[in-house]
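Coordinate inspection notes
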Amino acid sequence: MKNVLMESMKMFKGAMTAIVTPFKEDESLDLDALKRLVEFQIKNRIDGIVPCGTTGESPTLDYEEHEEVIETVIEAANGRVKVIAGTGSNSTKEAIEMTRRAADAGADASLQVSPYYNKPTQEGLFRHFGAIARSVDIPLILYNIKGRTAVNIETNTLARLQKEHSNIVAVKEASGDINQMQDVLNTLPKEFDVLSGDDNMTFPLMKIGGKGVISVASNIVPD
């Protein structure tokens, strides 16, 4: 496995868009509109695109739609920006399968949300994310959002995961706790990227050493 941790500073910095998933009136995917959105993002100098995040309605897409959205974004981006596929799940087995498929499709990285509803222990989080990390060799960004998942990824757990799995290279921090973000920055290696998961927390996080944001607002104003 290549040393993806050393590559992370070049990969995960700046503004990355958690892109919306457009639909037609009959509720089928509008893939042509999705391609236009990707082009709009790239023309306005976005640093990366994240399909099938929460903003892309990942909890309600079926498996076929999930794959189609990721594959369409990868094809439309055509290597011009990094594509970070949202492939997390509260089922470890499902997360592994979706992440493998995204990797095979050419995704540059994967975004892995904490298992929602299950409320796992810290050891449960460690085993869940560890199993996914072992299943692929693309970089993983963990997504810490207690408000939606009911569980916080504690700094010690994050440090254990990073130490054992070199392809866990970043965290999308949406805990809303700037003190926790500072703790992560102080504890994890400097190559480990801390990204904001809230647009309104981006500036405070950048001031203390964060690398950027996975943004919702950039769907409208990527420049």
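Details of the structure are given in the entry above.
Residues numbered from 1 in each chain as written. Predicted model: local features only at pLDDT ≥ 70, side-chain atom pairs only at ≥ 80, totals over all residues. Heavy atoms only, no water.

**Side note on the nonpolar core**
Residues Leu142, Leu158, Ile168, Val184 and Phe192 are the most contacted members of the largest nonpolar core, which totals 25 residues. Those elements that place two or more of their residues in this core are helix 4 (92–105), helix 5 (122–135), strand 5 (140–144), helix 7 (155–164), strand 6 (168–173) and helix 8 (178–187). A total of 6 residues in this core trace back to one element, the largest contributor, which is helix 5. Excluding its chain neighbours within four sequence positions, the residues that come into contact with Ile168 are Phe129, Ala133, Leu140, Leu142, Leu161, Gln162 and Phe192. Core analysis: the next-biggest nonpolar cluster, separate from the first, contains 20 residues, Leu29, Val69, Ile74 and Ala102 among them. (Core = buried A, V, L, I, M, F, W, Y, C linked by side-chain atoms within 4.5 Å. Buried < 20%, exposed > 50% of the residue type's maximum accessible area, 1.4 Å probe, protein only. Helix = DSSP H or I, 4+ residues; strand = E, 2+ residues; numbered from the N terminus. Contact = heavy atoms within 4.5 Å.)

**With respect to helix 7**
Here helix 7 has its buried residues at Thr155, Thr157, Leu158, Leu161 and Gln162. Summarising the axial view, the buried residues of helix 7 lie within an arc of 160°, below the 170-degree limit, and thus occupy one face. Summarising the geometry of helix 7, the exposed residues directed more than 90 degrees from the buried face are Asn156, Lys163 and Glu164. (Arc of directions from axis to C-beta.)

**Thoughts on the packing of aromatic side chains**
Tallied over the full model, the rule gives 0 aromatic pairs. Over the aromatic face of Phe126 sits the side chain of Arg160, whose NZ or CZ is 3.7 Å from the ring centroid. A cation over a ring is seen here: Lys172 above Tyr143, with NZ or CZ 3.9 Å from the ring centre. (Phe/Tyr/Trp six-rings, centres within 6.5 Å; stacked < 30°, edge-to-face > 60°. Lys NZ or Arg CZ within 6 Å of the ring centre and 35° of its normal.)

**Focus on the pattern of salt bridges**
Applying the stated criterion across every chain, the model contains 6 salt bridges. In this structure, Glu97 and Arg101 form a salt bridge, with 2.6 Å as the shortest nitrogen-oxygen distance. Highlighted residues: Glu97 and Arg101, both in helix 4, separated by 4 residues, approximately one helical turn. By relative accessible area, Arg101 is classed as partly exposed at 41%. A salt bridge links Glu123 to Arg160, with the nearest nitrogen and oxygen atoms 3.1 Å apart. Of this pair, Glu123 sits in helix 5 while Arg160 sits in helix 7, placing them 37 residues apart in sequence. Owing to a relative accessible area of 34%, Glu123 belongs among the partly exposed residues under this scheme. With a relative accessible area of 36%, Arg160 lands in the partly exposed category. Here the salt bridges share partners, and the residues they tie into one network are Glu67, Glu97 and Arg101. (Salt bridge = Lys/Arg side-chain N within 4 Å of Asp/Glu carboxyl O.)

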